[in-house]
Amino acid sequence: LLRSSQPLTGPNRRRCREDERLLGTVLDEGERGFIIDTRSAQAAKQARMGGGGTEPKSSYPQWRRLHRALERGRPLQESFIRLVEACSEPSLSMDRWLSRLESSRWLGHVKAALSTACLAAQCLDREDSKVLVHGAEGTDTTLLVTALAQLILDPSCRTLEGFQGLLEREWIEAGHPFQLRCARSASSHARGKQEAPLFLLFLDCVWQLSRQFPFSLEFGEQLLLALFDNAYASAYGTFLCNNEKERSLCKVKESTHSLWAWLNQPEEKQKFLNPLYSHNPLVIWPSVEPQSIQLWQGFFLRWIRPSQHLDEAWAEIQRLVEGN
């Protein structure tokens with residue numbers, strides 16, 4: 001599973017021989033691979049008119065390109081704001097609530113992300129093919145797809161330690177611009193040009209996996225909530241800056257503490273573990289049917305719905321598991 005930081009093209013429509021040679025070395029003779037483009041075919045076409053886009057198929061004869069459009073930037077931010085506004089109005093009637101939920105299109109974004117990740121996982125697992133995922137900049141939807149595909153395929157990524165490694169590798173080291181994307185409160189009405197809840201969308205997709213496969217992830221909802229909170233406001237340096245270069249210049253590792261070190265303290269770690277976890281060596285294929293994608297109530301209604309009874313039920317589950 002590969003990811004590209006930019007579209008496969010050179011400036012002014014010149015062929016990018018380096019990309020062609022690189023991808024040529026990935027496949028053996030007669031082997032086929034898939035390029036999953038997280039832009040729509042129309043967006044790629046428009047980019048070509050400006051000298052970018054993608055190169056002709058003839059330049060990559062062993063690769064088949066598949067377009068799976070995923071929203072990022074302003075459309076995703078607007079979708080999230082509409083959902084938060086709907087969740088903040090407790091007096092809505094049932095019909096009005098369902099209408100607001102649907103019009104936000106947030107669950108549609110969750111479905112699209114999981115569907116694209118499943119496509120990448122299927123190409124790897126069932127077609128036994130190499131997969132390259134790329135998009136506009138390679139630091140948003142590209143990372144979303146590659147990280148989710150690894151969770152679906154690799155049981156080691158579904159452990160607490162493996163999940164932390166996945167985040168470090170696919171989001172932090174790969175250069176997701178946390179400082180730009182999470183500049184203000186996620187619920188802020190300010191429309192920052194660079195702000196977008198891509199990382200929240202990823203966490204929501206992980207929650208969907210944990211709900212559909214309650215025994216297969218070693219960590220629970222509390223970890224996902226803690227990660228979201230620390231991405232926007234944190235006493236730790238893990239999510240600071242936009243890339244590794246900035247973190248190096250700012251000496252983040254030397255002057256701040258790691259979020260992972262805090263999470264892995266025995267007294268803290270226990271809060272984030274899933275007491276029902278049982279190692280599952282198999283691939284987990286989530287359902288992406290509309291009725292299978294649910295609103296993440298633990299996040300979107302966390303300040304509205306009392307959690308006392310849910311917390312008590314979770315504590316009882318832990319007690320029963322430890323007793324057995």
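Here the structure is shown first, and the text comes after it.
Residues numbered from 1 in each chain as written. Predicted model: local features only at pLDDT ≥ 70, side-chain atom pairs only at ≥ 80, totals over all residues. Heavy atoms only, no water.

## Some remarks on the overall build of the chain
Under the convention used in this document: Each helix corresponds to a stretch of at least 4 residues labelled H or I by DSSP, and each strand to a stretch of at least 2 residues labelled E; elements are numbered beginning at the N terminus. We compute the radius of gyration over the C-alpha atoms and compare it with the globule rule, which gives 2.2 Å times the number of residues raised to the power 0.38. Only protein chains enter the area calculation, which uses a 1.4 Å probe; residues under 20% of their type maximum are buried, those over 50% are exposed, and those in between are partly exposed. Residues count as neighbours in contact if any of their non-hydrogen atoms are within 4.5 Å of one another. A 1.4 Å probe and the Shrake-Rupley method give the accessible areas. Residues count as covered only by the protein chains that appear here. Counted as positive: Lys and Arg. Counted as negative: Asp and Glu. His and the chain ends are not counted at all. Note that the charge is assigned to NZ on lysines, CZ on arginines, CG on aspartates and CD on glutamates.
Helix and strand counts for the chain stand at 16 helices and four strands. For 324 residues, the compact-globule estimate of 2.2 N^0.38 gives 20 Å, and the chain sits close to it at 21 Å. For the C-alpha atoms alone, the extent of the chain along its principal axes is close to 60 × 45 × 45 Å. Counting every position in the chain, which comprises 324 residues, the buried fraction comes to 48%. At a minimum sequence separation of 6, the contacts of the chain that also span at least 24 residues come to 79%. Within the structure as shown, the chain displays about 16500 Å² of accessible surface, and the carbon and sulfur contribution to it stands at 52%. Each charge sign in the chain was given a centre, from 39 positive and 39 negative side chains, and these centres are 8 Å apart.

## Some remarks on helix α3 (residues 74-87)
Operational definition: Each helix should span, by expectation, one fewer than its residue count multiplied by 1.5 Å.
With 14 residues, α3 extends 20 Å between its outermost C-alpha atoms, agreeing within 8% with the 20 Å of an ideal straight helix rising 1.5 Å per residue. The element α3 is extensively covered by neighbouring structure, given that ten of its 14 residues are classed as buried. For α3, the set of buried residues is L76, Q77, E78, S79, F80, I81, L83, V84, A86 and C87.

## What about unusual backbone geometry?
Glycine aside, the phi torsion of most residues is negative, and most peptide linkages are trans. In the Ramachandran plot, R105 falls in the positive-phi region, its phi being about 65° despite a non-glycine side chain. If you trace the backbone, R105 turns up in the loop between α4 (94-104) and α5 (106-125). Take R105: its relative accessible area is 44%, and that puts it in the partly exposed class. Even without glycine at this site, D128 takes up a positive phi of about 50°. If you trace the backbone, D128 turns up in the loop between α5 and β4 (130-134).

## Quick notes on the side chain of S292
Checked against the element boundaries, S292 lands in the loop between α14 (266-272) and α15 (297-300). For S292, a relative accessible area of 16% gives the class buried. Not counting residues within four places of it along the chain, the set of residues in contact with S292 comprises Q208, R211, Q212 and S287.

## Points about the nonpolar core
Rules: Nine residue types can take part in a nonpolar core, namely buried Ala, Val, Leu, Ile, Met, Phe, Trp, Tyr and Cys, and a core is a set of them joined through side-chain atoms within 4.5 Å.
Judged by nonpolar contacts, the single largest core of 75 residues is most densely connected at W106, L148, F163, F199, F202 and L227. Per-element tally for this core: the top contributor is α5, with eleven residues. When near neighbours in sequence (up to four residues on either side) are disregarded, L227 contacts F163, L167, F199, L203, F239, L259 and W260. Ranked by size, the runner-up nonpolar core spans six residues in total, among them L23, L27, I35 and W63.

## Section: the packing of helix α6 (residues 141-153) against helix α7 (residues 160-172)
Convention followed: Helix axes use the C-alpha atoms of the stretch in contact, all axes being lines fitted to C-alpha atoms, and the angles between their N-to-C directions lie in the range 0 to 180 degrees. Each angle receives one of four descriptions, namely roughly parallel if under 35 degrees, roughly antiparallel if over 145, roughly perpendicular if within 65 to 115, and oblique otherwise. Crossings are classed by handedness, with left-handed meaning an anticlockwise turn of the near helix from the far one by less than a right angle and right-handed meaning a clockwise turn.
Between α6 and α7, whose axes approach to 10 Å, the crossing angle comes to 155°. Judged by the angle between their axes, α6 and α7 are roughly antiparallel. Of the two possible hands of crossing, α6 and α7 adopt the one that is right-handed. Taken together, the residues of α7 that come into contact with α6 (itself represented by L143, L144, T146, A147, Q150 and L151) are F163, L166, R169, E170 and W171.

## Comments concerning the side chain of S210
Our working rule: Think of a polar contact as two N or O atoms within 3.5 Å of one another; within protein, one of them needs to be a possible hydrogen donor and the other a possible acceptor, and neighboring residues in sequence only count if both atoms come from side chains.
Tracing the backbone shows S210 in helix α9 (residues 198-212). The exposure class assigned to S210 is buried, which follows from its relative accessible area of 18%. A polar atom in the side chain of S210 sits 2.7 Å from the backbone oxygen of W207.

## Looking at the sheet that holds strand β1 (residues 2-3)
Rule in force here: Two strands qualify as a pair provided that DSSP identifies no fewer than 2 bridges between them.
Read across the sheet, four strands follow the order β1-β4-β2-β3 without closing on themselves; strand pairing throughout is parallel. Unpaired on one side and paired on the other, β1 and β3 (63-67) mark the two borders of the sheet. Docked against the sheet, α5 engages β2 (33-37), β3 and β4, running at close to 170° with respect to β2.

## Description of the pattern of salt bridges
Just so we agree on the cut-off: Salt bridges are defined by distance alone: a side-chain nitrogen of Lys or Arg within 4 Å of a carboxyl oxygen of Asp or Glu.
On inspection of all chains with the given rule, the structure shows ten salt bridges. Of the charged contacts, one joins D140 and R181 as a salt bridge, the two residues approaching to 2.8 Å between their closest N and O atoms. Of this pair, D140 sits in the loop between β4 and α6 while R181 sits in helix α8 (residues 178-181), and the two are 41 residues apart along the sequence. Members of the salt-bridge network, linked through shared partners, are R72, E137, D140 and R181.

## Thoughts on a nonpolar patch on the surface
Operational definition: The residues that make up patches have over 30% relative accessible area and no salt bridge, and they are joined within 9 Å when like-charged or within 5 Å when they are Val, Leu, Ile, Met, Phe, Trp or Tyr.
Residues F215, L276 and V321 make up a contiguous nonpolar surface patch of roughly 230 Å² in combined accessible area. Locating L276 in the fold gives a position in the loop between α14 and α15. Here L276 falls in the partly exposed class, since its relative accessible area comes to 30%.

## Details of a positive patch on the surface
A cluster of like positive charges, contributed by R32, K57, R64 and R68, occupies part of the molecular surface. For K57, the position within the fold is in the loop between α2 (41-49) and β3.

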